[in-house]
2 protein chains.
Amino acid sequence: MECVVGIDVGGTTMKGGLVRDGSVLHAERRPTPRAEGPGAVIAAISAFVADLAAPRGELRPTAVGLAVPGLVTPTHAVFSAAFGWRDVPAEAFADVPLPVVLGHDVRSAGAAELAYGAARAEPNVLFLPIGTGIAGAMALDGALYGGAAGWAGQIGHIPVHPDGLPCGCGQRGCLAAYASASAIAARCGETSAAAVVSRTDQEARQVWDEAVDALALALATYTLLLDPALVVIGGGLAQAGEALVGPLRARLAARLAFRRPPGVEVSALGTQAGLLGAALLATRATA
Amino acid sequence: MECVVGIDVGGTTMKGGLVRDGSVLHAERRPTPRAEGPGAVIAAISAFVADLAAPRGELRPTAVGLAVPGLVTPTHAVFSAAFGWRDVPAEAFADVPLPVVLGHDVRSAGAAELAYGAARAEPNVLFLPIGTGIAGAMALDGALYGGAAGWAGQIGHIPVHPDGLPCGCGQRGCLAAYASASAIAARCGETSAAAVVSRTDQEARQVWDEAVDALALALATYTLLLDPALVVIGGGLAQAGEALVGPLRARLAARLAFRRPPGVEVSALGTQAGLLGAALLATRATA
């Protein structure tokens, strides 16, 4: 049975698998050896591809899709600050006799949400995975938008509180400095945002409150600019579920004066969106 | 010689004319009788259309384009807070035997900028007219974007300073509360933003400074989300020229950590963009 290889290359973990028609038939995780440098990550991806591309029982992979961060074209990883890549061709990631297609990690996950998830019926959607960082995939009139040079969707670094908390990017007051899972955890001395959500003390409540408020500000801005019908929250923070989207819906509505807010939902695909999106790259390239 | 009628219906003035191939062959202005109610404005537009649609020398108008504020489809003015309109059909605006097409005022002006102005060669552009209010026309991958329900581009009401100055919309800290021409004038007790620009006292310098900074914040946000190649400033405030775009370019660059800023230019079409855009609606409808 024909299928495709998909790998979602994250900063700490690579999620790989064999996928057919949006169903994951086989899944594996491996660490991303980011600390070992640009070449080590490429070599680890290539080894992962080789293992997944080998026939497995009745499954015959026909193509490979890789979802990676940074500035990406289907044939090149043009630039990645996270991995130190510059102009790496797709073939460098895969020493197998199959077509290999690259895609942007967040936009690929967004494509999976559009194809299989909560955003299925909507042409104007913001898909917002919140994890170590925050980036957005924007479906505008049914197509994923990349911008003039492929840099669109950097919602994690919009200034929600000018001159506010310092952000790793060098600016102050960015959304990610308040609302990324890593920022929420770090502000409370925890190792995960989930630990903060479960705490009831005032420090934790205030950090969570400021995170939700920063998200409401950013979504108000996005809504006023782009008039989406739906916002789908993904990534690790989406596991907070109603504790996140309940207050977020209320505060977003309160920040909008003259228009109704879009729907705000939690991703149904969860952390599989990236893998399904990577597979979709391969499926579409060979269709 | 065939031409089209275009009218840009503003809150205080209607700019009408006869246009052919982006050239204004005849132009007139009339007051918009907004204080007299929804029907009076419709009647004034209809009378203006009738006068402009009559043959004039060798000029033979073949169609009518009307650029109006609010939520607009080509056949209906669905909703306008400024004029109190609800579901007004295009025919109500023009009692002439010519096709009549409606368009959104700011997006029509943006279309003219794309067709004839500084944005001609760029598929990803923000056109930002700044006058009594601030709204944006967004060209994304070469097409003007309207959003899920036609409400996109409300950049004047994004919260640049959460809980900052009160805005007429009912929220606080909106871009328009700092950087609209009317807000700049009102904060200094002047009747025009131009008067503020020409003053050298500390109050005027600070208000101007805060206006430019609010614009830089809003454009940083827009740039991070939508990665435009170019921002074109139009409307009355664009007449400040280098006094506006010089400091704005510098502050926008300073607000962006990891990416280059887009170009920032002043509109070459100036206050004619709306009229040319209205004419473009008629031209495209009859092409």
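Bear in mind that the values here come from a model prediction, so they are computed numbers and not experimental data.

So, the overall build of chain A
Looking only at helices and strands, one finds 8 helices and 13 strands in chain A. The C-alpha atoms of chain A give 19 Å as radius of gyration, which agrees with the globular expectation for 287 residues (19 Å, within 12%). Structurally, chain A occupies a C-alpha span of about 55 × 40 × 35 Å along its principal axes. Taken over 287 residues, chain A has a buried fraction of 56%. The contacts of chain A with a sequence gap of at least 6 include a subset with a gap of at least 24, amounting to 60%.

Side note on the relation of the copies chain A and chain B
In screw terms, the move from chain A to chain B is a rotation of 180 degrees and a rise of 0.0 Å along the axis, fitting with an RMSD of 0.1 Å. Seen this way, the second copy is the image of the first under a two-fold rotation axis. In this assembly the copies share their binding face: 100% of the residues contributing to the interface of chain A also contribute to that of chain B.

Section: the sheet that holds strand β4 (residues 60-68) of chain B
To summarise the sheet geometry, strands pair through backbone hydrogen bonds and adopt either a parallel or an antiparallel arrangement. Residues and elements named next belong to chain B. The sheet built from 5 strands is open, its strands ordered β3-β2-β1-β4-β8 with mixed pairing. The open sheet has two edge strands with one neighbour each: β3 (23-31) and β8 (100-104). Looking at each pair of strands side by side, their axes are set apart by 20 degrees on average, direction ignored. In the sheet, strand β2 (residues 13-20) pairs with β3 via 8 bridges, with the strands oriented antiparallel. Along β3, the bridge assignment pairs glycine 17 with alanine 27. Relative to β8, helix α2 (residues 105-116) is tilted by about 95 degrees, and along the sheet it contacts β1 (2-9), β4 and β8.

Digging into the pairing of strand β12 (residues 230-234) of chain B
Residue and element names in this part refer to chain B. A large share of β12 lies buried, amounting to 5 of its 5 residues. Strand direction decides the pairing type here: strand β9 (residues 125-129) and β12, joined by 5 bridges, are parallel. The residue bridging leucine 128 from the neighbouring strand is isoleucine 233, located in β12. In this fold, the crossover linking β12 to strand β13 (residues 263-266) by way of helix α7 (residues 242-255) has right-handed handedness.

Quick word on the interface of chain A and chain B
On the side of chain B, 39 residues touch chain A, which itself brings 39 residues to the contact. Together, the buried faces of chain A and chain B total about 3200 Å²; carbon and sulfur atoms form 63% of this surface. Where chain A touches chain B, the interface holds 2 salt bridges. With a closest N to O distance of 3.5 Å, B:Arg255 and A:Asp163 form a salt bridge. Of all the elements in the fold, those that place two or more residues in the side of chain A that touches chain B are β10 (137-140), α6 (202-226) and α7 (242-255) of chain A. Split by residue class, the side of chain A that touches chain B holds 24 nonpolar, 10 polar and 5 charged.

Details of the packing of helix α6 (residues 202-226) of chain B against α7(B)
All names here are of chain B. Where α6 contacts α7, the axes come no closer than 8 Å and their chain directions differ by 50 degrees. When the interaxial angle is binned, α6 and α7 end up oblique. Judged by the twist between their axes, the crossing of α6 over α7 is right-handed. Residue-level contacts link Trp208, Asp209, Val212, Asp213, Leu215, Ala216, Leu217, Leu219, Ala220 and Thr223 of α6 to Ala243, Leu244, Pro247, Leu248, Arg251, Leu252 and Arg255 of α7.

Let's talk about the packing of helix α2 (residues 105-116) of chain A against helix α8 (residues 273-286) of chain A
Residue and element names in this part refer to chain A. The N-to-C vectors of α2 and α8 enclose an angle of 85 degrees; their axes lie 7 Å apart at closest approach. By the angle class used here, α2 and α8 are roughly perpendicular. Of the residues in α8, those touching α2 at Ser108, Ala109, Ala111, Ala112, Glu113, Ala115 and Tyr116 are Ala273, Gly274, Leu276, Gly277, Ala278, Leu280, Leu281 and Arg284. Here the contact of α2 with α8 is built from residues that sort into 10 nonpolar, 3 polar and 2 charged.

Details of the nonpolar core
In this structure, A:Ile155, A:Leu226, A:Ile233, B:Ile155, B:Leu226 and B:Ile233 are the most contacted members of the largest nonpolar core, which totals 96 residues. Here A:Leu226 is in contact with A:Met138, A:Leu140, B:Met138, B:Leu140, B:Tyr145, B:Gly147, B:Ala148, B:Ala152 and B:Leu226, once residues within four sequence places are set aside.

Regarding the domain arrangement of chain A
Residues and elements named next belong to chain A. Segmenting chain A into domains produces domain 1 (2-108 + 272-286) and domain 2 (120-268). On a C-alpha basis, the centroid separation for the pair domain 1 and domain 2 is 26 Å. With 5 residues of domain 1 at the interface, the matching set in domain 2 holds 12 residues. Carbon and sulfur atoms make up 69% of the area that domain 1 and domain 2 hide from each other, which totals about 730 Å². Considering only the surface of domain 1 that becomes buried against domain 2, Leu71, Val106 and Arg107 emerge as the three largest contributors, covering 80% of it. Where domain 1 meets domain 2, there are 0 salt bridges. Across the domain 1-domain 2 interface, the total number found is 1 residue pair in polar contact (both at pLDDT 80 or more). Within the side of domain 1 that touches domain 2, the residues separate by chemical class into 4 nonpolar, no polar and 1 charged.

Quick look at the packing of aromatic side chains
Inspection of every chain in the model, using the stated rule, returns 6 aromatic pairs over all chains. Each member of the aromatic cluster is reached from another via a ring pair, and the members are A:Phe83, A:Trp85 and A:Phe93.

Describing the sheet that holds strand β5 (residues 71-72) of chain B
Residues and elements named next belong to chain B. Ordered in space as β5-β6-β7, the 3 strands form an open sheet in which the pairing is antiparallel. Each edge of the sheet is formed by a strand with only one pairing partner; in this case those strands are β5 and β7 (85-89). Relative to β7, strand β6 (residues 76-80) is paired through 4 bridges, and the arrangement is antiparallel. Across the sheet, residue histidine 76 finds its bridge partner in β7, namely proline 89.

With respect to the side chain of B:Ser46
Residue and element names in this part refer to chain B. Mapped onto the secondary structure, serine 46 falls in helix α1 (residues 38-53). With relative accessibility at 16%, the residue serine 46 sits in the buried group. Serine 46 has contacts with Ala92, Phe93, Ala94 and Asp95, leaving out every residue within four places of it along the chain.

As for the pairing of strand β1 (residues 2-9) of chain A
Residues and elements named next belong to chain A. Of all the 8 residues making up β1, 7 are buried; the element is thus mostly covered by neighbouring parts of the structure. Direction of pairing for β1 relative to strand β4 (residues 60-68): parallel, over a ladder of 6 bridges. Across the sheet, the residue bridging to aspartate 8 is alanine 67, located in β4. Sheet analysis places β1 next to strand β2 (residues 13-20), joined by 6 bridges and oriented antiparallel. For isoleucine 7, the partnering residue across the bridge sits in β2 and is glycine 16. Between the antiparallel neighbours β1 and β2 lie 3 residues.

Calculation notes
- Residues numbered from 1 in each chain as written.
- Chains lettered and ligands numbered in written order.
- Predicted model: local features only at pLDDT ≥ 70, side-chain atom pairs only at ≥ 80, totals over all residues.
- Heavy atoms only, no water.
- Helix = DSSP H or I, 4+ residues; strand = E, 2+ residues; numbered from the N terminus.
- Rg over C-alpha atoms; globule rule 2.2 N^0.38 Å.
- Buried < 20%, exposed > 50% of the residue type's maximum accessible area, 1.4 Å probe, protein only.
- Contact = heavy atoms within 4.5 Å.
- Least-squares fit on C-alpha atoms with pLDDT ≥ 70 in both.
- Pairing = 2+ DSSP bridges.
- Axes fitted to C-alpha atoms, helices over the stretch in contact; angles between N-to-C directions.
- Right-handed = clockwise from strand over helix to strand, strands pointing away.
- Buried area = accessible area lost by both parts, 1.4 Å probe.
- Salt bridge = Lys/Arg side-chain N within 4 Å of Asp/Glu carboxyl O.
- Nonpolar A, V, L, I, M, F, W, Y, C, P; charged D, E, K, R; others polar.
- Parallel < 35°, antiparallel > 145°, perpendicular 65-115°, else oblique.
- Left-handed = near helix turned anticlockwise from the far one by under 90°.
- Core = buried A, V, L, I, M, F, W, Y, C linked by side-chain atoms within 4.5 Å.
- Domains from an automatic or database assignment.
- Polar contact = N/O pair within 3.5 Å; in protein donor to acceptor, adjacent residues only side chain to side chain.
- Phe/Tyr/Trp six-rings, centres within 6.5 Å; stacked < 30°, edge-to-face > 60°.

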